[in-house]
Amino acid sequence: MRIIVIHVVEVPPQLPLSAGDSLIEEHGEEEQLLDDAVEQATAAGVTVESRMRYARDVATGIVGAVDVHDADALLVGWRGRPRRRDVVLGSFLDRILGEAPCDVFVKRIRSPTGDITSILVPVAGGPHGELAVELAGTIASQHEAVVQLLYIQQPSASESAQEDAAVLLEESSSRLEDLDIRVESTVLQSEHVAGKITDETANHDLTILGATREPFLRRMLVGSVAEGVGRTAVSSVILARRAPTQSESESG
């Protein structure tokens, strides 16, 4: 597997992109950022490459790098700052989620991730939720962690809705059955889904959520529950967004 760390330098419109080198100093802050990232990865026993990329804006540079390197997945950081009007996660993150042709993982970087012994995965169905379950399984295998699948149900849920929840949890659990990990499933009742999930994050080291069940509605891609939990969770958080299908890419 090939891992590439990139840093995007924004080039103002009055300059050609080829003049991007003139905007950075030799051994300056930009190069130091990449060097630090490589050193951290190397210390963890992971081999990575580093690239400097010049673009008009950060989102264009990152999405362009995905295309150039034919990346299967993209991992970006998010500070989880208070939301601004018309901006969900951040001006460039919203665009990346809407435009990147690969799987995207957004890691909240406000709090460091320590030892991982328990991973919470709220499930609600859909391709993004499936990706969240798969990622949880991969991380759990590496850390010998427990995966806790969680479904939040309305107190007034009908018997049919309760059966649907049980089926969804079973389907999610089955995605992990080939892994040598412990998987637990829980159904909790609450009228406030995001708040209940946030409460549960205090009992786990990492929470992984699917972006949303709705496919590629630009401003609704993350979903209010995932966004709310992502901002307020006690533990570390990763939001997962499955790569768009060909038909979704063409319609977007």
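What you see is a predicted model, and the numbers here were worked out from it, not measured in a lab. All chains use their own residue numbering, which begins from 1 and follows the written sequence. Only residues with pLDDT of at least 70 are given local features in this predicted model, and only at 80 or more are side-chain atom pairs given and counted; all residues enter the totals for whole chains, interfaces and linings. Computation of side-chain values: all heavy atoms of the structure, hydrogens and water removed.

1. Thoughts on the overall build of the protein chain
Summing up its helical and strand segments, the protein chain has 8 helices and 9 strands in all. Here the term buried applies to any residue with accessible area under 20% of the maximum for its type, exposed to any over 50%, and partly exposed to those in between, with areas from a 1.4 Å probe on protein chains only. Put simply, the protein chain has 252 residues, and 40% of those count as buried. Summed over its atoms, the accessible surface of the protein chain is roughly 14,000 Å², and 48% of this surface lies on carbon and sulfur atoms. Secondary structure elements follow DSSP: runs of H or I of four or more residues count as helices, runs of E of two or more count as strands, with numbering from the N terminus. Surface exposure here means Shrake-Rupley accessible area, sampled with a 1.4 Å probe, where a residue is shielded only by the protein chains that are shown.

2. Notes on the nonpolar core
As used here, the term nonpolar core means buried Ala, Val, Leu, Ile, Met, Phe, Trp, Tyr and Cys residues forming a set that is joined through side-chain atoms within 4.5 Å. In this structure, Leu74, Ile96, Val104, Val106 and Leu239 are the most contacted members of the largest nonpolar core, which totals 26 residues. Element by element, the count of residues in this core is highest for helix H2 (residues 58-68), at 4 residues. Residues are treated as being in contact if the distance between any of their heavy atoms lies within 4.5 Å. Sequence-distant contacts of Val104, that is, excluding residues within four places in its chain, are made with Leu74, Ile96, Leu97, Leu239, Ala240 and Arg241. Counting 23 residues, the second largest nonpolar core, distinct from the first, contains Phe105, Ile116, Ala132 and Ile139.

3. What to know about the confidence of the model for the protein chain
A low pLDDT means the predicted coordinates there should not be read in detail. pLDDT is a per-residue confidence score from the predictor, ranging from 0 to 100. For the protein chain, the mean per-residue pLDDT works out to 85, and 85% of the residues sit at or above 70. Counting interchain partners and residues more than four positions distant, the pLDDT-below-50 stretch residues 84-89 has 16 contacts. Contacts from residues 213-222, a stretch scored under 50 in pLDDT, to residues over four places away or in other chains number 33 contacts.

4. So, a negative patch on the surface
A surface patch of like charges, here negative, comprises Glu170, Glu171, Glu177 and Asp178. Counting through the fold element by element, Asp178 comes out in the loop between helix H5 (159-174) and strand E7 (182-189). Each patch is built from residues that are more than 30% exposed by relative accessible area and take part in no salt bridge. Like charges join if they lie within 9 Å; nonpolar side chains (Val, Leu, Ile, Met, Phe, Trp, Tyr) join within 5 Å. A pair is scored as a salt bridge if a Lys or Arg side-chain nitrogen falls within 4 Å of a carboxyl oxygen belonging to Asp or Glu. Think of it this way: Lys and Arg go in the positive column, Asp and Glu in the negative one, and His and the chain ends go nowhere. Note that the charge is assigned to NZ on lysines, CZ on arginines, CG on aspartates and CD on glutamates.

5. Section: the sheet that holds strand E4 (residues 103-108)
For two strands to be treated as a pair, DSSP must find at least two bridges joining them. Taken in spatial order, the 7 strands make up an open sheet running E3-E4-E9-E8-E5-E6-E7, and their pairing is mixed. Every interior strand has two partners, whereas the edge strands, strand E3 (73-78) and E7, have only one. For this sheet, the mean angle separating the axes of adjacent strands, direction not counted, is 20°. One ladder, built from 5 bridges, connects strand E5 (residues 118-122) with strand E6 (residues 146-153); its direction is parallel. Within the sheet, the bridge partner assigned to Ile119 lies in E6 and is Val147. Orientation is described by axes fitted as lines to C-alpha atoms, over the contacting stretch for helices, and by angles from 0 to 180 degrees between their N-to-C directions. Seen against the sheet, helix H6 (residues 193-201) touches E5, E6, E7 and strand E8 (206-210) and runs at an angle of roughly 155° to E6.

6. Regarding the pairing of E6
The buried count for E6 comes to 7 of 8 residues, which makes it a mostly enclosed element. In this region the chain leaves E5, passes through helix H4 (residues 127-143) and returns to the parallel neighbour E6; the handedness of that crossover is right-handed. Sheet analysis places E6 next to E7, joined by 8 bridges and oriented parallel. In the sheet register, Val146 faces E7, and the bridge partner there is Arg182. With H5 bridging E6 and its parallel neighbour E7, the resulting β-α-β unit is right-handed. Call a crossover right-handed when, viewed with both strands pointing away from you, the route from the first strand across the helix to the second goes clockwise.

7. Remarks on unusual backbone geometry
The backbone of Asp70 shows a phi angle near 50°, a positive value even though the residue is not glycine. Structurally, the position occupied by Asp70 is in the loop between H2 and E3. We classify Asp70 as exposed; its relative accessible area is 63%. At Glu144, a residue that is not glycine, the phi angle is positive and equals roughly 55°. By the secondary structure assignment, Glu144 is in the loop between H4 and E6. For Glu144, a relative accessible area of 74% puts it in the exposed group.

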